[in-house]
Amino acid sequence: MNGRIFFWSLTSALAGFLFGFDTVVISGAEKTIQALWGLSPEVHGIAMASALYGTVVGSLIGGWPADRFGRKSTLLWIGVLYLIGAVGSALATNVSTFIAARVIGGLGIGISTVVAPMYISEIAPPKHRGRLTGMFQFNIVFGIVVAYVSNWLLAGAGENAWRWMLGVAAFPSLLYTLFCIGLPESPRWLISKKGDRQAALTVLQRTQPDAPKEEIAADADEIAAASTEAASSGTFWTARLRKPILLAFLIAFFNQLSGINAILYFAPRIFELTGLGAKTALLQSIGIGVTNLVFTFVGLWLIDRLGRRTLLYIGSFGYIASLGLVAWAFFTQHYSIVPVCIFGFIAAHAVGQGAVIWVFISEIFPNRHRAEGQTLGSFTHWIFAAALTTFFPKMVAVFPPGYIFSFFTFMMMLQLLWVSTMVPETKGVPLEQIQHQLGID
């Protein structure tokens, strides 16, 4: 694998590290914040989900700057948004300023889920595209692990521990922003949006330094041809694109209806429902992060070997077994198996949906509509994540946990049906050929 491509992909994927850290770091501070400002369950849910509201907006608008100003510039400004969100959250003096800062950080998260996987997929060779694009997800879970460990280490830092938990994200945000300055622009954006063939040829030559100029020129011709076909040059909401649109919506929908964000955000609270103490529950949360990291690595190792569809099958069966057992444990008060089953759920997610979602969405749309397609998938993902996180505290207060986990189990049964009937395999297929595979002609 070309070292330059790996480094560029890794730099872009660091947006995922900030995404994972910022998303989950709040779990260690949420109870303190609720007590500090005397928040009702409803307001507490809004404060907890505030970053997700920004994420929803960011995912909705992220395709516009990526198409208008380029992938590189957008990636750089994501770092600035993360930096403002981290500092603002740590220095907040009331719930309103806290929510505002979290929304700004959430904008960065939402835009990153559109642009970072898309950028990597556009510079990566087909045979390595799954692993390279999947590094975004790997960095998400690495950020989650670091956030859980950071929360555990800072838990005894006094009454302002929660401020340190949230504020330390400023350091990696600044580092990521500086790294983005050295990124090249996506050759597919240069050709399909800017019309700068010569700049695209320069980037393509850097990605394939040993390839002859004729081969590089042929690659540029293929990109240009795919970008100007009738199916690519029309509007996004057309019958021609109905299949990738539906696939992007459903993979994002099922991702969140597994309950993944509720478990990541409220892991300590869920463990406390089983009788564990607060400090032990935080330590168990680190176990979630480590499990997620290890099995995400497994998923990335398998994604270009077994394929996207196979991993979704594996994940679906793992979801159903683990969530079903958690529901049974809460109904029968066999609480001792809950942590093990939660870890099993995280492993199933990491190998399946976690490894596949951002790769799959970034692959299934033609060049001229990739930003819009990525926006659709990201927006769907985050609108359901925001809704689930907002209402989860109320759900736990109203319904026994067994019913909640039974609902998640049922949704994963529907996901299994969807995978078996609708999901195509995109492993190893060049981006310009996937649109033909999906009937986008």
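The notes below deal with the structure included here. Not measured: the values here are computed from a predicted model.

1. Notes on the packing of helix α14 (residues 242-256) against helix α19 (residues 338-363)
Now for step 1: Running from N to C, α14 and α19 cross one another at 150°; their axes reach a closest spacing of 10 Å. The orientation of α14 relative to α19 falls into the category roughly antiparallel. Every pair of crossing elements has a handedness; the one defined by α14 and α19 is left-handed. Listed contacts from α19 to Leu247, Ala248, Ile251, Ala252, Phe254 and Asn255 of α14 are His349, Gln353, Val356, Ile357, Phe360 and Ile361.
Now for step 2: Across the contact of α14 with α19, the residue classes tally to 9 nonpolar, 3 polar and no charged.

2. Side note on the packing of aromatic side chains
Now for step 1: Overall, the coordinates contain 24 aromatic pairs when judged by the stated rule.
Now for step 2: Note on Phe19 and Phe136: the rings are 6.1 Å apart at their centroids and 50° apart in plane angle, and the pair reads as tilted. Here Phe136 lies in helix α7 (residues 129-154) and Phe19 lies in helix α1 (residues 3-24), a separation of 117 residues in the sequence. In terms of burial, Phe19 and Phe136 fall into one category: buried.
Now for step 3: Summarising the aromatic geometry, the rings of Trp37 and Trp162 are spaced 5.6 Å apart at their centres and angled 80° between planes, so their arrangement reads as edge-to-face. A residue pair is termed long-range when its members are at least 10 positions apart, and Trp37 in the loop between α2 (30-36) and α3 (41-61) and Trp162 in helix α8 (residues 161-167) qualify at 125 residues.
Now for step 4: Exposure remark for Trp37: the relative accessible area of 21% places this residue in the partly exposed category.
Now for step 5: Residue class for Trp162 comes out buried when judged on its relative accessible area of 3%.

3. Some remarks on the pattern of salt bridges
Pairing between side chains of opposite charge can happen when the charged atoms of each approach one another.
Now for step 1: Counted according to the given criterion, the structure contains 10 salt bridges.
Now for step 2: Of the charged contacts, one joins Asp67 and Lys193 as a salt bridge, the two residues approaching to 3.6 Å between their closest N and O atoms. You can see Asp67 sitting in helix α4 (residues 63-68) and its partner Lys193 sitting in helix α10 (residues 187-194), a full 126 residues away along the chain.
Now for step 3: Judged by its relative accessible area of 18%, Asp67 is buried.
Now for step 4: Here Lys193 falls in the partly exposed class, since its relative accessible area comes to 32%.
Now for step 5: The partner of Glu363 in a salt bridge is Arg308, and the shortest N-O contact between them spans 2.5 Å. Residue Glu363 is located in helix α19, and its partner Arg308 is located in helix α18 (residues 308-332); the two are separated by 55 residues in the primary sequence. Each of the two residues, Glu363 as well as Arg308, counts as buried.
Now for step 6: Each member of the salt-bridge network shares a partner with another, and the members are Asp67, Arg71, Glu122, Lys193 and Arg370.

4. Description of a nonpolar patch on the surface
Now for step 1: A surface patch of nonpolar side chains, amounting to about 280 Å² of accessible area, comprises Val290, Val294, Phe295 and Val298.
Now for step 2: Val298 gets classed as partly exposed once you look at its relative accessible area, which sits at 31%.

5. Points about helix α20 (residues 370-398)
Each turn of an α-helix holds 3.6 residues, which means side chains three or four residues apart point in the same direction.
Now for step 1: End to end, α20 covers 41 Å across 29 residues, agreeing with the expected 42 Å (1.5 Å per residue, within 8%).
Now for step 2: The sharpest bend along α20 reaches about 45° and sits at Phe392, with the proline Pro393 one to four residues further on.

The rules behind the values
Residues numbered from 1 in each chain as written. Predicted model: local features only at pLDDT ≥ 70, side-chain atom pairs only at ≥ 80, totals over all residues. Heavy atoms only, no water. Axes fitted to C-alpha atoms, helices over the stretch in contact; angles between N-to-C directions. Helix = DSSP H or I, 4+ residues; strand = E, 2+ residues; numbered from the N terminus. Parallel < 35°, antiparallel > 145°, perpendicular 65-115°, else oblique. Left-handed = near helix turned anticlockwise from the far one by under 90°. Contact = heavy atoms within 4.5 Å. Nonpolar A, V, L, I, M, F, W, Y, C, P; charged D, E, K, R; others polar. Phe/Tyr/Trp six-rings, centres within 6.5 Å; stacked < 30°, edge-to-face > 60°. Buried < 20%, exposed > 50% of the residue type's maximum accessible area, 1.4 Å probe, protein only. Salt bridge = Lys/Arg side-chain N within 4 Å of Asp/Glu carboxyl O. Patch = residues over 30% accessible without salt bridge, like charges linked within 9 Å, V, L, I, M, F, W, Y side chains within 5 Å. Areas by Shrake-Rupley, 256 points an atom, 1.4 Å probe, with all protein chains shown as cover. Expected span 1.5 Å × (residues − 1). Bend = angle between axes of the 7 residues up to and from the residue.

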